[in-house]
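Structural overview
Next come the chains, spelled out residue by residue.
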Amino acid sequence: MEPIQRRSLVDTVVERLQSEITSGAWDVGTRIPTEAELVARLGVSRPSVREGVRALAQLGLLETRQGDGTYVIANDPTEVALRRALRNADPREVFRVRRALDALAATEAAENRDDEILALIEAELIARQEAANRDDAQAFIDHDVAFHLYVVQASRNALLGGIYTSFVSSLRNAVTQNVVGSMALAETPGDKHDALFQAIRAGDGEAAQDAALNIIERSKRFLET
């Protein structure tokens, strides 16, 4: 048997502070208590609190703003680590992983959708088209991204949803880069967003997967040309 390791006060502070974040007691955007308040609440020294806060800032959960305080900027260290990995990854690899996630989300959405989520997906689809009609690029991007996020939500797969959320920046960047082409093509038969929605509504997983793959491959072809 290995001897039991004594935990440092800093480790305990990190655990307590992280618990406040992950439990939702301190939501994203919340300014956490001051250093003096944390010292009083936790009953530890200022250096221990300071090191604990610094550790969580390095994890990407907290951000200290000079003269304003320390804020929660994320609540899932795994998601933060994945986002960092994505920033340094080969874009071609990111694209392939997104392709697999989109296909899985479409298939499971067709199996698990309900009327409430279908209404949300359809609303984003309509808003996306309306934005294309009036050449509103920013609105088009927002509704396109929201459309795909609702498809993932329709899958009822929490793990998939958590992973896919990390790809939102990648998704938004992809849509932004080809937004002119996407808007111009939004009304053509080649745009499979409506086909994806119809397949999900019909509960046809195979057709939903085909439409999802067509969307991402079409986006890839546009970027390559």
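Predicted, not measured: the structure shown is a model, and the values here were computed from it. (Residues numbered from 1 in each chain as written. Predicted model: local features only at pLDDT ≥ 70, side-chain atom pairs only at ≥ 80, totals over all residues. Heavy atoms only, no water.)

Within this structure, the stated rule accounts for zero aromatic pairs. Here the basic side chain of Arg65 rests over the ring of Tyr71, its NZ or CZ set 4.1 Å away from the ring centre. (Phe/Tyr/Trp six-rings, centres within 6.5 Å; stacked < 30°, edge-to-face > 60°. Lys NZ or Arg CZ within 6 Å of the ring centre and 35° of its normal.)

This brings us to the pairing of strand 2 (residues 69-72). With four bridges connecting them, strand 1 (residues 62-65) and strand 2 associate as antiparallel partners. Residue pairing for strand 2: Arg65 is matched across the bridge by Gly69. Here strand 1 hands over to strand 2 after three residues, with Gly67 in that stretch at a positive phi of 80 degrees. (Pairing = 2+ DSSP bridges. Helix = DSSP H or I, 4+ residues; strand = E, 2+ residues; numbered from the N terminus.)

The next point concerns helix 8 (residues 158-165). Of all the positions in helix 8, only Leu160, Gly161 and Tyr164 are classed as buried. Looking straight down helix 8, one finds that the buried residues subtend no more than 100 degrees of arc, so they occupy a single side. Opposite the buried face of helix 8, by more than 90 degrees, sit the exposed residues Ala158 and Leu159. Residue Asn157 occupies the N-cap position of helix 8, its side-chain oxygen lying 3.2 Å from the main-chain nitrogen of Leu159. (Buried < 20%, exposed > 50% of the residue type's maximum accessible area, 1.4 Å probe, protein only. Arc of directions from axis to C-beta. Polar contact = N/O pair within 3.5 Å; in protein donor to acceptor, adjacent residues only side chain to side chain.)

Turning our eyes to something else, we now look at the nonpolar core. Of all hydrophobic cores here, the largest spans 18 residues; its most connected members are Ile121, Phe147, Val151, Leu196, Phe197, Ile200 and Ala208. Sequence-distant contacts of Ile121, defined by excluding residues within four places in its chain, comprise Phe147, Tyr150, Val151, Ala154 and Phe197. In terms of nonpolar packing, the next biggest core, distinct from the first, is built from 17 residues, Ile32, Leu38, Val44 and Val72 among them. (Core = buried A, V, L, I, M, F, W, Y, C linked by side-chain atoms within 4.5 Å. Contact = heavy atoms within 4.5 Å.)

Position of Thr107 relative to the elements: it lies in helix 5 (residues 91-112). Side chain to side chain, Thr107 and Gln209 meet in a polar contact 3.3 Å long.

With that settled, consider the side chain of Ser155. Within the element layout of this structure, Ser155 appears in the loop between helix 7 (137-154) and helix 8. Of note is the side chain of Ser155, whose polar atom sits 2.5 Å from the backbone oxygen of Val152. If we ignore the near neighbours within four places in the chain, the residues touching Ser155 are Ala105, Glu108, Ala109, Asn112 and Leu160.

Glancing now at the packing of helix 7 against helix 11 (residues 193-202). Contact pair helix 7 / helix 11: the axes reach a minimum separation of 12 Å and the direction vectors enclose 25 degrees. The orientation of helix 7 with respect to helix 11, classified from their angle, is roughly parallel. Crossing of helix 7 against helix 11: the hand is left-handed. Where helix 7 approaches helix 11, its residues Asp144, Phe147, His148 and Val151 are matched on the opposing element by His193, Leu196, Phe197 and Ile200. Among the residues forming the contact of helix 7 with helix 11, the class breakdown is five nonpolar, two polar and one charged. (Axes fitted to C-alpha atoms, helices over the stretch in contact; angles between N-to-C directions. Parallel < 35°, antiparallel > 145°, perpendicular 65-115°, else oblique. Left-handed = near helix turned anticlockwise from the far one by under 90°. Nonpolar A, V, L, I, M, F, W, Y, C, P; charged D, E, K, R; others polar.)

On to the packing of helix 7 against helix 8, then. Running from amino to carboxyl end, helix 7 crosses helix 8 at an angle of 155 degrees, the nearest separation of the two axes being 8 Å. Taken together, the axes of helix 7 and helix 8 are roughly antiparallel relative to one another. Packed against helix 7, whose contacting residues are His148, Leu149 and Val152, the element helix 8 presents Leu160, Gly161 and Tyr164 at the interface. Class assignment for the residues of the contact of helix 7 with helix 8 results in four nonpolar, two polar and no charged.

With that settled, consider unusual backbone geometry. Of note in the backbone geometry, Asp135 takes a positive phi value of approximately 60 degrees without being a glycine. Tracing the backbone shows Asp135 in the loop between helix 6 (115-133) and helix 7. For Arg156, which is not glycine, the phi torsion reads 60 degrees and is therefore positive. Under the relative-accessibility criterion, Arg156 is labelled partly exposed at 45%.

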